[in-house]
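Structural overview for review
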Amino acid sequence: MDKCLRERVIVGTSAFGGLYDSISYDQVYATVARAVEKGLKKFDTAPHYGLGVSEQRLGAALSQCKAEMSISQVAVYTKVGRLIHRRADSNDNDRIETENLPENSLFVDCPKENCAILDYRKSGVTQSLYDSVARLGLTSIKELGGVRVHDPEIADRYETEAFPEAFITLRQFNSFEVSIGTNSVRVARRALDEGLVDAIMLANSWNLLDQGGKDLLLSCHHKHIPVDLAGIYASGLLAGGNTFNYQPATESLVSKRDRWKSLADKYAISLPAVALAFAFLPPAVRFIAIGLRSPDQVDTTIDLLETQVPLLLPNSGHLSSCIWRDAIGL
């Protein structure tokens, strides 16, 4: 396998917080151990994922891996913007994220006693950062590979928060890469134009079903700002699921997915391989985050990177030129 492809994959850990389905710590550990064994040593997490559970499980699994396996240093990226508190300790001034309360959340492993409080101010960002370091079992913030300002796109956060404050606060630590993690091209564009970030994580805006991030990717390339892509499987629809952007997929999206599937079948390539290769195409793209929840999914990803994806990258030969030519208009 092209070692460079393996090194460009980030293991997304939303599943470690029980996204859609519960997951045990043993399964998290087995997934992390297999990923590290196969050379996938970058991990992306967030307080949002299971109200702290993903960070706790990832940190414990990495600690166990270091104790049981001979591994070189891994890179962990986390996020700020949400403080995880006990619901009983919240007060009327706290901006509780009601859609992420355990009874409403997509994360089924959320502790029932917890809640997320939105806070992008200096004090909140600083507290969130140190809380994450503790949940991950790290001894210093300097052990983090990077920190992303998470989901500032919802209108009340975008308009009423002092938008640069979170980024400026992170920059003052001078210890890690500062970026944004967002589903919004508009908000990512603002962070880029205001010179607030070293990198951008853009979710669900560059995949086979949605290319809304095209112009932003071009701008990032011109400004030498690397982009890490998430949602390359459109939150599941391109990898055997039935959701798009975390909602049930519409008939038109299912139809578009099926057209891509027919094209992949024509060339005897799997649809996930096409989705992976498509994500690697823009020159601004540095890393691709792939959500993994089992050793089998790790093995499948490695197999795709080893056997099929290289055939679809630019200058790889006849198959690459034919499949992207035939994809025009899908």
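What this report covers is the structure whose coordinates are included nearby.

In terms of regular secondary structure, the protein is built from 13 helices and 12 strands. Across its three principal axes, the protein shows a C-alpha extent of roughly 60 × 45 × 40 Å. Relative to its 330 residues, the protein shows a buried fraction of 56%. Taking the contacts inside the protein whose residues are at least 6 apart along the sequence as the reference set, 75% of them involve residues at least 24 apart. Total accessible area on the protein is roughly 14,100 Å²; 50% of this is exposed by carbon and sulfur atoms. Averaged over its 35 positive side-chain charges, the protein has a centre that lies 4 Å from the centre of its 40 negative ones.

Looking now at the pattern of salt bridges. Summed over the entire model, instances satisfying the criterion amount to 22 salt bridges. In this structure, aspartate 44 engages arginine 148 in a salt bridge whose closest nitrogen and oxygen atoms are separated by 3.0 Å. Highlighted residues: aspartate 44 in strand β2 (residues 42-44) and arginine 148 in strand β6 (residues 146-150), separated in sequence by 104 residues. Accessibility expressed as a relative area gives 0% for arginine 148, which makes it buried. Each member of the salt-bridge network shares a partner with another, and the members are Asp44, Lys79, Arg148, Glu177, Asp228 and Arg286.

Among the nonpolar cores identified, the biggest contains 93 residues, and Val32 and Val309 are the most heavily contacted of them. Ranked by residue count, the leading element in this core is helix α10 (residues 271-280), at nine residues. With near-sequence residues (within four places) excluded, valine 309 lies in contact with Leu5, Ala273, Leu276, Ala277, Phe280 and Leu304. If you look at the next biggest cluster of nonpolar residues, it comprises eight residues, including Leu51, Phe107, Cys110 and Ala116.

Looking now at the environment of histidine 318. Tracing the sequence through the fold places histidine 318 in helix α13 (residues 318-326). In this structure the C-alpha to C-alpha distance between histidine 318 and serine 70, which are 248 residues apart in sequence, comes to 41 Å.

Further remarks concern a nonpolar patch on the surface. Side chains of Tyr20, Leu106 and Tyr246 sit close together on the surface and give an oily, nonpolar patch of about 260 Å² of accessible area. Among the structural elements, tyrosine 246 can be located in the loop between β10 (243-244) and β11 (247-248). Residue tyrosine 246 is classed as partly exposed on the basis of its relative accessible area of 34%.

Ordered by their spatial adjacency, eight strands build a closed barrel running β1-β2-β3-β6-β7-β8-β9-β12, and the pairing between neighbours is parallel. When strand polarity is set aside, the average angle formed by the axes of neighbouring strands in this sheet is 25°. The pairing of strand β3 (residues 75-80) with β6 spans four bridges and is parallel. Within β6, the residue paired with threonine 78 across the bridge is valine 147.

Taken together, the buried positions of helix α7 (residues 185-193) are occupied by Val187, Ala188, Ala191 and Leu192. In an axial view of α7, the angular spread of the buried residues amounts to 140°, which keeps them on one side of the axis. Its side-chain oxygen placed 3.3 Å from the backbone nitrogen of arginine 186, serine 184 serves as the N-cap of α7.

In this fold, aspartate 151 is placed in the loop between β6 and α5 (155-160). Polar side-chain contacts of aspartate 151 include one of 3.5 Å to the side chain of histidine 150.

As a further point, take the pairing of strand β7 (residues 177-182). Taken residue by residue, a regular strand's side chains alternate between the two faces of the sheet. Counted residue by residue, β7 has six buried out of six residues, so it is predominantly covered. Taking every second residue as pointing to the same face, both faces of β7 are buried, with Glu177, Ser179 and Gly181 on one and Val178, Ile180 and Thr182 on the other. Here β6 pairs with β7 via five bridges, running parallel. When the bridges of β7 are listed, valine 149 appears paired with isoleucine 180. Summarising the sheet, β7 and strand β8 (residues 199-203) pair through four bridges and their orientation is parallel. Each residue of the ladder has a partner; that of threonine 182, found in β8, is leucine 202.

Attention now moves to the packing of aromatic side chains. Enumeration according to the criterion identifies six aromatic pairs in this entry. Feature note: the residues Trp206, Trp260, Phe278 and Trp324 constitute an aromatic cluster, connected by ring pairs.

A word on the side chain of glutamate 55. Examined against the element boundaries, glutamate 55 turns out to sit in helix α3 (residues 53-68). Classification of glutamate 55 by relative accessible area gives buried; the value is 0%. Within the local environment of glutamate 55, its side chain forms a polar contact with the side chain of serine 132, the two groups lying 2.7 Å apart. Leave out the neighbours within four places in its chain, and glutamate 55 touches Thr45, Ala46, Pro47, Thr78, Ser132, Arg135 and Leu136.

This paragraph deals with the packing of helix α4 (residues 122-135) against helix α6 (residues 163-173). In contact at an axis separation of 9 Å, α4 and α6 are set at 50° when each is read in the N-to-C sense. Taken together, α4 and α6 sit at an angle that is classed as oblique. Considering how the two elements wind past one another, α4 and α6 form a crossing that is right-handed. In this structure, α4 contributes Lys122, Val125, Thr126, Leu129 and Tyr130 to the contact, and α6 contributes Glu165, Ala166, Thr169, Leu170, Gln172 and Phe173. Residue composition of the contact of α4 with α6, grouped by class: six nonpolar, three polar and two charged.

Analysis parameters
Residues numbered from 1 in each chain as written. Predicted model: local features only at pLDDT ≥ 70, side-chain atom pairs only at ≥ 80, totals over all residues. Heavy atoms only, no water. Helix = DSSP H or I, 4+ residues; strand = E, 2+ residues; numbered from the N terminus. Buried < 20%, exposed > 50% of the residue type's maximum accessible area, 1.4 Å probe, protein only. Contact = heavy atoms within 4.5 Å. Areas by Shrake-Rupley, 256 points an atom, 1.4 Å probe, with all protein chains shown as cover. Lys, Arg positive; Asp, Glu negative; His and termini not counted. Charge placed at Lys NZ, Arg CZ, Asp CG, Glu CD. Salt bridge = Lys/Arg side-chain N within 4 Å of Asp/Glu carboxyl O. Core = buried A, V, L, I, M, F, W, Y, C linked by side-chain atoms within 4.5 Å. Patch = residues over 30% accessible without salt bridge, like charges linked within 9 Å, V, L, I, M, F, W, Y side chains within 5 Å. Pairing = 2+ DSSP bridges. Axes fitted to C-alpha atoms, helices over the stretch in contact; angles between N-to-C directions. Arc of directions from axis to C-beta. Polar contact = N/O pair within 3.5 Å; in protein donor to acceptor, adjacent residues only side chain to side chain. Phe/Tyr/Trp six-rings, centres within 6.5 Å; stacked < 30°, edge-to-face > 60°. Parallel < 35°, antiparallel > 145°, perpendicular 65-115°, else oblique. Left-handed = near helix turned anticlockwise from the far one by under 90°. Nonpolar A, V, L, I, M, F, W, Y, C, P; charged D, E, K, R; others polar.

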